[in-house]
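Here are the chains, one letter per residue:
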Amino acid sequence: MTSYEDSAPQPPTTAPAPTAEEFLDLLHAQRVWDLPSLPPFDPATAPAAPLDLFRTWFAEAVAAGQTEPHTMQLATADAAGRPDVRTLMLHGADASGWHFASHATSSKGRQLAERPEAALHFYWPAQARQIRLRGTVTAAPSAAGQADLHARSTGALAAALVGRQSEHLGSREELAEASEQAWRRAQDEPGAPVASWTLYVIDPVEAEFFQGDARRRHVRLRYRRTGAQWHTELLWP
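Residues numbered from 1 in each chain as written. Predicted model: local features only at pLDDT ≥ 70, side-chain atom pairs only at ≥ 80, totals over all residues. Heavy atoms only, no water.

Q: Before we go on, may I ask you to explain the pairing of strand β6 (residues 129-139) in this structure?
A: As a general feature of sheets, a regular strand has side chains that alternate between the two faces. Where strand β5 (residues 117-124) meets β6, eight bridges bridge the pair, whose relative direction is antiparallel. For H121, the partnering residue across the bridge sits in β6 and is R132. Counting the residues that bridge the hairpin from β5 to β6 gives four residues, and of these A128 lies at a positive phi of roughly 55°. Here β6 runs beside strand β7 (residues 197-211); their pairing, made up of eleven bridges, is antiparallel. Bridged to T136 within β7 is D203. (Pairing = 2+ DSSP bridges. Helix = DSSP H or I, 4+ residues; strand = E, 2+ residues; numbered from the N terminus.)

Q: Help me understand the packing of aromatic side chains, please; the structure alone is not making it clear to me.
A: Any pair of aromatic rings gets described here by the distance separating the centres and the angle formed by the planes. For the structure shown, the criterion picks out twelve aromatic pairs. A centroid spacing of 5.5 Å and a plane angle of 25° characterise the contact between F100 and Y200, whose relative ring orientation is stacked. One end of the pair, F100, is in strand β4 (residues 97-103); the other, Y200, is in strand β7, and 100 residues separate them in sequence. Taken as a pair, F100 and Y200 share a single burial class, namely buried. A centroid spacing of 5.7 Å and a plane angle of 70° characterise the contact between F209 and Y223, whose relative ring orientation is edge-to-face. Placement of F209 in strand β7 and of Y223 in strand β8 (residues 219-226) is noted, with a sequence separation of 14 residues between them. Ring pairing ties together the aromatic residues F41, W57, F209, Y223 and W230, which thus form one cluster. The aromatic ring of W57 is capped on one face by R129, whose charged end is 4.1 Å from the ring centroid. (Phe/Tyr/Trp six-rings, centres within 6.5 Å; stacked < 30°, edge-to-face > 60°. Buried < 20%, exposed > 50% of the residue type's maximum accessible area, 1.4 Å probe, protein only. Lys NZ or Arg CZ within 6 Å of the ring centre and 35° of its normal.)

Q: Teacher, can you tell me more about the pattern of salt bridges here?
A: Think of it this way: side chains of opposite charge can pair up when their charged atoms draw near. Under the criterion given, the structure shown has 14 salt bridges. The shortest N-O distance in the salt bridge between R82 and D78 comes to 2.8 Å. Overall, the relative accessible area of 13% leaves D78 in the buried class. Here R220 makes a salt bridge to E208, at a shortest N to O gap of 2.6 Å. Of this pair, R220 sits in strand β8 while E208 sits in strand β7; the two residues are twelve residues apart in sequence, bridging distant segments of the chain. Owing to a relative accessible area of 5%, E208 belongs among the buried residues under this scheme. Several salt bridges converge on common partners, so that one network encompasses R134, E206, R222, R224 and E233. (Salt bridge = Lys/Arg side-chain N within 4 Å of Asp/Glu carboxyl O.)

Q: Please explain the pairing of β5 as it appears in this structure.
A: Alternating positions in β5 separate cleanly, A118, L120, F122 and W124 being buried on one face and E117, A119, H121 and Y123 remaining unburied on the opposite face. As paired elements, strand β1 (residues 71-77) and β5 share three bridges and run antiparallel to each other. By the bridge assignment for β5, Q73 is matched with H121.

Q: Even after reading the chapter, I still don't get the side chain of R222, so can you show me in this structure?
A: Inspection of the secondary structure assignment puts R222 in strand β8. A distance of 2.6 Å separates the side chain of R222 from the side chain of E233, its partner in a polar contact. In contact with R222, not counting residues within four places along its chain, are E206, A207, E208, H231, T232, E233 and L235. (Polar contact = N/O pair within 3.5 Å; in protein donor to acceptor, adjacent residues only side chain to side chain. Contact = heavy atoms within 4.5 Å.)

In structure tokens:
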């Protein structure tokens, strides 16, 4: 059997870092939303709650060929209030909130246990759109987390079985050995439990939908929730 390590691509040779001047030239040469046209967005037609608009925009991002539209940035803070951010995958969006998952023992898991508030950010440049959400995060029951994990791929289960996310790693060889063992177990035992795997749900109290405009007259629609009622307002770009 070919091991995961054997099939992994080899890292390319590292090129010299650009100088500060070369870096600025490279940076200034980049273009934003180099598209033939941008989709219109009339906030007057937006639904009363953000979930339906999110689902519509997500479907439109997929139809537009947006790469990995289900990836998002999750921002948290530790006990001292120091911010942290990383990219991960959306696992669902329904009336209970937006779902994502991780180990409860990871950095994000520990931070959410200390400060159960977070922000999400989606960026879909294929349509010059962004979505931001902020709210309270809760952990779903363990059974929901395990069901979420076992509905995913063998690779996702293997990665979860490796565990120890964000802990110190002594060497890449140590990771390769643990990963190989986890892959074999995931293939042989597709229902293997991972006690630390947790499904999280962020219940937003604020959501912003941003539609880019070629003349920089961007449309920004913000939803704010009071109790069960959502209110909307426009923001200056």
